[in-house]
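Fold and geometry: a report
Letter by letter, the chains look like this.
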Amino acid sequence: MNLKPTCKSQYLAVHSEAKQLLDQGYTKKTVFDYFVAQEKITMSYKAWVKIVDNYDQKSPFSRKKKTSTARKTIGQSSGSKKGKFSHSNDPYPIENTTDSIMEEKENEKPFNLIKKHQ
């Protein structure tokens, strides 16, 4: 059975060389292209950046939990109460029994197509 190495294991195989190149001032993209050209890694560039930044974590691709923050709107202080929305279930009054859309269509003027002169 032929197993494909994970992104993290591919990075760890070239970690010391990658760290040395990055410390010399090469960009992440340049180092990535170098290792891809040598066929040492097969991951995407997006995965490469994530691994380079988080290689020491157990799960470098996991999302970090966001801390909960209270939402504030402009002009609202933390002690003020929000307004309450209310809805009425009363139907709209019926003015006419005719359909207003049909009346509009009947009153429309026909249009003429204009040809462009060449």
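Described below are features of the structure shown in this document. (Residues numbered from 1 in each chain as written. Predicted model: local features only at pLDDT ≥ 70, side-chain atom pairs only at ≥ 80, totals over all residues. Heavy atoms only, no water.)

Let's talk about the pattern of salt bridges
For the structure shown, the criterion picks out 3 salt bridges. Between Lys28 and Asp53 there is a salt bridge whose closest N-O contact spans 2.6 Å. In this pair, Lys28 is assigned in helix 2 (residues 28–37) and Asp53 in helix 3 (residues 45–54), connecting sequence segments 25 residues apart. Overall, the relative accessible area of 44% leaves Asp53 in the partly exposed class. Here Asp33 ties to Lys29 by a salt bridge, and the two come within 3.4 Å at their closest N and O atoms. Of this pair, Asp33 and Lys29 both sit in helix 2, 4 residues apart, which is roughly one turn of that helix. When its relative accessible area of 36% is taken as the criterion, Asp33 is described as partly exposed. (Salt bridge = Lys/Arg side-chain N within 4 Å of Asp/Glu carboxyl O. Helix = DSSP H or I, 4+ residues; strand = E, 2+ residues; numbered from the N terminus. Buried < 20%, exposed > 50% of the residue type's maximum accessible area, 1.4 Å probe, protein only.)

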